[in-house]
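Working through the structure, step by step
The primary structure of each chain is shown beneath.
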Amino acid sequence: MYDLMLAGVAAVFQPWTLLAIMLGVAGGLVIGSIPGLTSTMSIALMVPLTYSMKLEFAIPLLMGVYCGAISGGLVGAILLNIPGTPASAGTCLDGFPMAARGQATRALGLAVYASMIGGTLSGLALVLIAPLLAKVALSFGPWEYFALVIFTFSCISSMSAKGRAVKAFMAAFIGLGLSLVGLDEASGQTRLTFGFTSLESGFYELPALIGLYAIPQLLTDTDGIGRREKILQVNYRLRLFVSTFGEVIGRKWDLLRSTFIGIVIGILPGVGPGLSNIVAYSQAKNSSRTPEKFGQGELAESVISPEAANNASMGGALIPMLTLGIPGDASTLMMLGAFMLHGIDPGPLLFRDHGDIVWIVFIAFFVAFAFCTLLYHFFIPITIKAIAVPRQFVIPVLLVLCTVGCYSLNNRMFDVYCFLGFGLLGYVLHIVKVPVLPVILGLILGPMAEEQLSLALAFGQGSFLPFLLRPVSGFILLVALLSLVLPPFFGWRKKLTAQRIPTKESQNDTV
Amino acid sequence: MNKTIALTLGAAAMSLTTVSALAFPDKPIELVVPFSPGGGSDVAARVFAQCLEGHIDQQVLIRNITGARGKIAEVEVRDARPDGYKLLWAHQGMDMGLATGRSDYNYTAFEPVASTVAMNYGVFADANSGIDSVDTLRGKVASDPGAYNIGVALNGFSHFAVLDFLDKAGISTDDLQTIPMSGDKTRIVAAIQGNLTLVPTAVAAAAPYVNSGDLSPVAILSDERDHKLSDASTAAEQGVDSEFAMYFTTYAPANTPEDVVDTLAKSWLAAAKDSSCQGRLAQNSMSVVAASGEELTADLEARYARIEELAGQYQLGTE
Amino acid sequence: MRVNDLLFSLLFILLFVVAATQITQLSEIASATVSARLFPEMVIGGGILMGVIEMIRTLVSRPRNDDPGFRESWKEAFLRRRMYLLGLFTVYLIAITHVGFLVATAVFCFVTILVLAPRIKPASLVIALAVTVGLLGLIYVLLVVYLKAFLP
């Protein structure tokens, strides 16, 4: 094993290969941080280019782009409130308010260092216990997946502001409803298309995500044009940025919990970073002593948790890909394609037959994260100045880039129209003050829920009992139930005691 | 001001395209692949596009358009301008759409250019089930009807492939439980987990799992053994006359000029007959089945007839 | 806000009822073990339930004074600049298919910057032009370098 590791180190630490990783990370960061141009798109564009390269060169380059692009999403999320991927949707919740309070440097610093630590820890898990984790991933049958979906749904209630939980659930059901549109892949039936062929594909999550966030945000941004607003703290100080590292380390329990959530969710094929950040955020809020301060942009852990989790998921997503040949998300699917074109069969025997390649992936992963963190120190000062650019220049540029991004995901104008349509939906929701994050969650979870539910029922001859009887799925469902029932219960008790005290006082007054 | 610029530019662009008909091809050709990048069909198309280099003067660019089991891409090419610069890379899944009432067109709505690559398909079983050949499958199913299940994308390629195999092997579908699930990898994982017995899938996808001992091959639905799994016997060797490979055919929109189709077909066939190309395809469990012109039309007709027959026999379709 | 909440719930329920009528038309496939209707029915049922709960909750709850009123919130929604931007973007998307991506983008970018600008100075014209050219250059280089199929 050690000689393979050394061979991997030797293969990666070639000047040209290191340069390739660095360029990949830099390109990934730029693309990932621009809303609309997503990590999926950048890998889709890169993969064909790597076909003509040597594998020892192509893999590090792809790993660089992968790490850079997913990590870069945090910049758009924090500075513009527009997440580039579902993976950074959770970062918007507190990162943007923090930046709006004038603490952009702090928010970015927290996110960057949390990413680095989450990513590195998941990389260690990848190297040390990948085969073990792969076994865990394989033990997840459709019952467990469905339970996990229910659990993620229950997170919506703990994430929403007080008294708005029902509305958040309504938003989630809008997402679920929209996810029904189109052809059901397993049964081959089309639903809710109202006779339109183009609707048969259903709605893809990325145009929906970008539309829901970008259009309302950019429309409301127009209000500020020409107005002398309070000037945001845009001058960047390296010392301030670096000092957030201490703040991140100080939150070690949040960091560890989120990393753990990220890895566990990341190793499950098909779930990936998109959900882990949201789960991590809601769990951080649940275990916080001051949950009411979440969403205000005050607390460090509210930015750390989602970012540590989504980067931890990246290492996690590589585990099923390398150990089982099963892609965790669209990006890893494309990397598998690159492997296949180079004549390598990704599968359970990859470790045995191509141990050298596996180690190149491992080493490149760490190197990419190191470069990523390093480059951020040069990259953040530039991006942070972007807030100061007058909005009338930023808005059309971003809209055009979103258009290009949505189009190139699937080479279809329909997705661009979806972008606008979801933008209008997001705008209406913005006006009636309904959160948009649950819509995305519903859209992502809907197909997964349906597939796993029908598989579970088919395997179990139509019985719902296995959901409760299988230990893991039963446990997850129990936790989901508790997280739905407990907060209102405690809130009700608090209210009760709060009511009792004033009534006593008022009695005293009258006496 | 801007409008006039727009108009002149637009007019210039138009005149350029009309001139281009003189020497085909004079700009890159788009090959629309109806499946997501990284999947089996996409890899097949990309390998073949690399083979085409040197056989055609222009680049062939792969353009992935996914959705609705390929229908979105099919309609895109069907309605495109018939100039030969936008082609479709499709397999029999398109014809299955018409046969099951999911769509209202099949290969006849296009101008077939050439059939080049065939991806070997096979039926595999969970290694713990003890099924490793057609005979053991028959025996197990007969002794315990209803105890085994099979995962297919309903009315999709995997469904038809399995039905063709079961029909010719004389195994009744009533004795197997059919579970709707899409995606080769989804089915393979379910089999490894022990939830699924029979897995129809592309050989390339299943090969690593056969080598690791998680799956055992039941039958390869091709006339020859697969390069990757040379121990796995074909259905024909086991006395079952079932051949159901995924034939990738390149289509142009209907009414594409004949000389353009001929030029394309010539390049396609030349690339397919290139021996270095054949080697690379074999590495990915694909073989070359080159056909164009009337030969191809006859093949397509025969394949469609079988699909329709199966659809009728098993009452597939939503209507 | 109360009016908004009620309107939202009402529209929400209505949409789900429409979806329900569509789903019930789905036919069953004989070979399927689990109906393709099961999950949609669960979603639609749950959605309608949520809508009704929210509606009742809104009706029962006491109106809060600090919320912005119905009229203010919609007046804000139709602010002049926001509508200009939305209109321009819609026109842009339609124009792409007719005049081509590059032309449409150039016009959209230039015009939008000027429309959104608080007042038009000669300098802002130059900047608008520079931004437009820069953006087109970036996209073109990015996609030509990456050799990618493009907008119609």
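Some points on the overall build of chain A
When helices and strands are tallied, chain A shows 20 helices and two strands. Dimensions of chain A along its principal axes, counting C-alpha atoms only, are 85 × 65 × 50 Å. By the burial criterion, 65% of the 511 residues in chain A qualify as buried. The long-range fraction of contacts in chain A, counting pairs at least 24 apart against all pairs at least 6 apart in sequence, stands at 80%.

A few points about the overall build of chain B
Looking only at helices and strands, chain B features eleven helices and eleven strands. For a compact globule of 319 residues, the expected C-alpha radius of gyration is about 20 Å, and chain B comes in at 21 Å, within 12% of that figure. For chain B, the spread of C-alpha atoms along the three principal axes comes to 80 × 45 × 35 Å. For chain B, the residues scored as buried account for 55% of the 319 residues in total. Sequence separation of at least 24 residues holds for 75% of the intrachain contacts in chain B that already meet a minimum separation of 6.

Some thoughts on the environment of glycine 84 of chain B
Residues and elements named next belong to chain B. Within the secondary structure, glycine 84 is located in the loop between α3 (71-78) and β3 (86-90). On the neighbour-count criterion, glycine 84 (22 C-beta atoms within 10 Å) is buried. Sequence separation between glycine 84 and isoleucine 29 is 55 residues; the distance between their C-alpha atoms is 7.6 Å. Once residues lying within four places of it in the same chain are set aside, the contact partners of glycine 84 are Phe24, Pro25, Ala252, Thr256, Val260, Val261 and Leu264.

A few points about the sheet that holds strand β2 (residues 60-64) of chain B
Residue and element names in this part refer to chain B. Taken in spatial order, the six strands of this open sheet run β2-β1-β3-β10-β4-β11, and their pairing is mixed. Each end of this open sheet is capped by a strand with a single partner; those strands are β2 and β11 (286-292). Across this sheet, the average inter-strand angle for adjacent strands is 25°, counted without regard to direction. The pairing of strand β4 (residues 110-119) with β11 spans five bridges and is antiparallel. Pairing of methionine 119 across the sheet is with methionine 286, part of β11. Docked against the sheet, helix α2 (residues 40-52) engages β1 (29-33), β2, β3, β4, β10 (246-253) and β11, running at close to 170° with respect to β2. Lying over the sheet, helix α9 (residues 258-273) contacts β4, β10 and β11, oriented at roughly 5° with respect to β4.

A look at the domain arrangement of chain B
Residue and element names in this part refer to chain B. Under the domain assignment used here, chain B contains domain 1 (25-120 + 245-313) and domain 2 (121-238). The centre of domain 1, based on its C-alpha atoms, is set 26 Å off from the matching centre of domain 2. When contributions to the side of domain 1 that touches domain 2 are tallied by element, the ones reaching two or more residues are α4 (93-99) and α11 (293-313).

Some points on the interface of chain C and chain A
Listed per partner, the contact involves 52 residues of chain C and 42 residues of chain A. Those elements that place two or more of their residues in the side of chain C that touches chain A are α1 (2-23), α2 (38-60), α3 (70-77), α4 (80-99), α5 (101-116) and α6 (122-145) of chain C. Sort the elements by how many residues they give to the side of chain C that touches chain A and α2 of chain C lands first, with eleven residues. Split into classes, the residues belonging to the side of chain C that touches chain A amount to 35 nonpolar, eleven polar and six charged.

A few points about the pairing of strand β5 (residues 121-126) of chain B
Residue and element names in this part refer to chain B. Counting buried residues along β5, six of its six residues qualify, which places the element largely inside the surrounding structure. Two elements, β5 and strand β8 (residues 198-202), share five bridges in a ladder whose sense is antiparallel. Residue pairing in the sheet places tyrosine 121 in a bridge with alanine 202 of β8. Bridge analysis of β5 against strand β9 (residues 215-220) gives five bridges, and the strand direction is antiparallel. By the bridge assignment for β9, glycine 122 is matched with isoleucine 220.

Structural notes on the environment of histidine 354 of chain A
Note that histidine 354 of chain A resides in the loop between α14 (350-353) and α15 (355-385). Residues histidine 354 of chain A and isoleucine 344 of chain A, ten residues apart in the sequence, show an inter-C-alpha distance of 8.1 Å.

Examining unusual backbone geometry
Phi is positive for asparagine 81 of chain A, close to 65°, though the residue is something other than glycine. According to the C-beta neighbour criterion, asparagine 81 of chain A is buried, with 23 such atoms within 10 Å. One non-glycine residue with positive phi stands out, namely asparagine 255 of chain B, at about 70°. Mapped onto the elements, asparagine 255 of chain B comes out in the loop between β10 and α9. Overall, asparagine 255 of chain B belongs to the exposed group, with 9 C-beta atoms counted inside 10 Å.

Some words on the interface of chain B and chain A
Counting residues at the interface gives 44 residues for chain B, matched by 38 residues for chain A. The element contributing the most residues to the side of chain B that touches chain A is α2 of chain B, with five residues. Here the residues of the side of chain B that touches chain A sort into 18 nonpolar, 18 polar and eight charged.

Observations regarding the environment of glutamine 238 of chain B
All names here are of chain B. Along the chain, glutamine 238 turns up in the loop between β9 and β10. Residues glutamine 238 and alanine 169, spaced 69 residues apart in sequence, show a C-alpha to C-alpha distance of 9.4 Å. The contact partners of glutamine 238, leaving out residues within four places of it in the chain, are Ser133, Val134, Ala219 and Ser233.

Some points on the packing of helix α12 (residues 301-324) of chain A against helix α13 (residues 330-341) of chain A
Residues and elements named next belong to chain A. Across the interface, α12 lies against α13 with an axial gap of 10 Å and an inter-helix angle of 35°. Considering how the two elements wind past one another, α12 and α13 form a crossing that is right-handed. Residues Ala317, Leu318 and Met321 of α12 pack against Thr332, Met335 and Leu336 of α13.

Re helix α16 (residues 391-410) of chain A
Side chains that are three or four residues apart share a direction in an α-helix, a result of its 3.6 residues per turn. Residue and element names in this part refer to chain A. Under the 1.5 Å per step criterion, the end-to-end length of α16 is 29 Å for 20 residues, consistent within 8% with the ideal 28 Å. A large share of α16 lies buried, amounting to 18 of its 20 residues. Backbone geometry just downstream of α16 places asparagine 411 in the positive-phi region, at approximately 55°.

Topic: the confidence of the model for chain B
Residue and element names in this part refer to chain B. Across chain B, pLDDT averages 79, with 92% of residues at or above 70. Taken as a whole, residues 1-21 scores under 50 in pLDDT and shows twelve contacts with residues more than four places along the chain or in a different chain. With pTM at 0.81, the complex prediction returns an ipTM value of 0.84.

A few points about the confidence of the model for chain A
All names here are of chain A. For chain A, the mean per-residue pLDDT works out to 78, and 91% of the residues sit at or above 70. The lowest-confidence element of chain A is helix α20 (residues 471-510), averaging 64 in pLDDT; the highest-confidence one is helix α17 (residues 413-431), averaging 86. Counting interchain partners and residues more than four positions distant, the pLDDT-below-50 stretch residues 502-511 has zero contacts.

Calculation rules
Within each chain, residues carry numbers counting from 1 in the order of the written sequence. Note on labels: chains are lettered from A, ligands numbered from 1, in written order. In keeping with the predicted nature of the model, local features appear solely for residues at pLDDT of at least 70, side-chain atom pairs appear and are counted solely at 80 or more, and the whole-chain, interface and lining totals rest on all residues. Secondary structure elements are taken from DSSP: a helix is a run of H or I of four residues or more, a strand is a run of E of two residues or more, and numbering for both begins at the N terminus. Here the C-beta atoms are placed from the backbone, and a residue counts as buried if at least 20 other C-beta atoms lie within 10 Å of its own, exposed if 12 or fewer do, and partly exposed otherwise. This entry defines residue contacts through backbone-placed C-beta atoms, with two residues in contact when those atoms are within 7 Å. C-alpha atoms define the radius of gyration in this analysis, and the globule rule sets the expected value at 2.2 Å times the number of residues to the power 0.38. Think of it this way: DSSP has to see at least two bridges between two strands before they count as a pair. For helices, the fitted line uses only the C-alpha atoms of the stretch in contact; every axis is such a line through C-alpha atoms, and the angle between N-to-C directions lies from 0 to 180 degrees. Domain start and stop points were drawn from an automatic or database domain assignment. When residue character is reported, Ala, Val, Leu, Ile, Met, Phe, Trp, Tyr, Cys and Pro are called nonpolar, Asp, Glu, Lys and Arg charged, and the others, Gly included, polar. Whether a crossing is left-handed or right-handed is set by the direction in which the near helix is turned from the far one by less than a right angle, anticlockwise for left-handed and clockwise for right-handed. By this rule the span expected of a helix is its residue count minus one, scaled by 1.5 Å. What pLDDT expresses is the predictor's confidence in each residue, scored from 0 to 100.

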